[in-house]
Amino acid sequence: LSKPPTLRGTMRNIVKTILHSGLGVLLICTFAAPLWADAKANYEEKVKVNDQTIGVIAGVINYVCPKLVDPSLGICNPKDPVGTAVAIQKQMGDLEELDELDSDELEEELSDRKILHVDASMQFFDAVEQFKGHFPYREAARKAAAAGNWDEAFLNEEMAWQYLVKCASRGIFAKKMADGE
């Protein structure tokens, strides 16, 4: 038969467990707080980067719009670059229908719609599609930040950035094509 534990041994185990648990909580609190602060700072920095990227994209839209559409359409509005981009897309029409046309038909169709540069406008259309892709991620990031989930907020803001970079890349291609580069 085994001996029942002594009070001294049992108390010692209880105190040991409490100390280990307390130490664990203390360590978690000590080291997790800076990590959470870093996650919040990372999120806030990514928001700034994304806002700046959107500013650059707006500049490209304002630059390229007059080179893509006939001025008589009145589409280009420097005060509303996002609205301008969507208006250019609407003027171009349904992408699936355009994809079915051969190059001569596409040139004629877009010319009839007062699109001035076919290749650049197709790049621009794709840039706008990429831009639209960032919205759900930024919304998810805002919700996660409001809930204090900084890692999730950062990850969603990072995904938004991926779409913004794709948009900027396509926008720059459209600019270069419109400029004849």
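Residues numbered from 1 in each chain as written. Predicted model: local features only at pLDDT ≥ 70, side-chain atom pairs only at ≥ 80, totals over all residues. Heavy atoms only, no water.

1. Examining the overall build of the chain
In step 1: Secondary structure assignment for the chain yields 6 helices and 0 strands.
In step 2: Counting helices and strands in the order they occur from the N terminus, the chain gives α-α-α-α-α-α.
In step 3: Expressed as a percentage of its 181 residues, the buried residues of the chain come to 30%.
In step 4: Of all intrachain contacts in the chain linking residues separated by at least 6 positions in sequence, the fraction that spans at least 24 positions is 66%.
In step 5: A total accessible area of about 11,600 Å² is found for the chain, and carbon and sulfur atoms account for 59% of it. (Helix = DSSP H or I, 4+ residues; strand = E, 2+ residues; numbered from the N terminus. Buried < 20%, exposed > 50% of the residue type's maximum accessible area, 1.4 Å probe, protein only. Contact = heavy atoms within 4.5 Å. Areas by Shrake-Rupley, 256 points an atom, 1.4 Å probe, with all protein chains shown as cover.)

2. Here's the deal with the state of the cysteines
In step 1: Under the counting rule described, the total for this entry stands at 1 disulfide.
In step 2: What pairs with cysteine 65 in a disulfide is cysteine 76, and their sulfur atoms sit 2.0 Å apart. With the S-S bond torsion at -90°, the cross-link from cysteine 65 to cysteine 76 turns out left-handed. Residue cysteine 65 is found in helix H1 (residues 7–68), and its partner cysteine 76 is found in the loop between H1 and helix H2 (81–92); the two are separated by 11 residues along the sequence.
In step 3: The exposure class of cysteine 76 is partly exposed, given its relative accessible area of 33%. (Disulfide = S-S within 2.5 Å.)

3. Considering the environment of phenylalanine 173
In step 1: Tracing the chain through its elements places phenylalanine 173 in helix H6 (residues 150–178).
In step 2: Under the relative-accessibility criterion, phenylalanine 173 is labelled partly exposed at 39%.

4. Details of the packing of H2 against helix H5 (residues 118–146)
In step 1: One way to put it is that H2 packs onto H5 with a least axis distance of 10 Å and a crossing angle of 125°. The pairing of H2 with H5 is recorded here as oblique in orientation. The handedness of the crossing between H2 and H5 is left-handed. Between H2, through Val82, Ala85, Ile88, Gln89 and Met92, and H5, the contact on the second element is made entirely by Ser121, Met122, Phe124, Phe125, Val128, Glu129, Phe131 and Lys132.
In step 2: Here the contact of H2 with H5 is composed, by residue class, of 9 nonpolar, 2 polar and 2 charged. (Axes fitted to C-alpha atoms, helices over the stretch in contact; angles between N-to-C directions. Parallel < 35°, antiparallel > 145°, perpendicular 65-115°, else oblique. Left-handed = near helix turned anticlockwise from the far one by under 90°. Nonpolar A, V, L, I, M, F, W, Y, C, P; charged D, E, K, R; others polar.)

5. As for the packing of helix H4 (residues 103–112) against H5
In step 1: The contact between H4 and H5 brings their axes to 10 Å, and the two run at 80°. One element, H4, and the other, H5, form an angle in the roughly perpendicular class. Contact with H4, carried on its side by Leu106, Glu107 and Leu110, involves Val118, Ser121 and Met122 of H5 and no other residues of that element.
In step 2: The residue makeup of the contact of H4 with H5, split by class, is 4 nonpolar, 1 polar and 1 charged.

6. A closer look at the environment of glycine 55
In step 1: Along the polypeptide, glycine 55 turns up in helix H1.
In step 2: Take glycine 55: its relative accessible area is 42%, and that puts it in the partly exposed class.
In step 3: In this structure, the C-alpha to C-alpha distance between glycine 55 and proline 81, residues 26 residues apart in sequence, is 9.6 Å.

In short, shape yes, function no, at least from these values alone.
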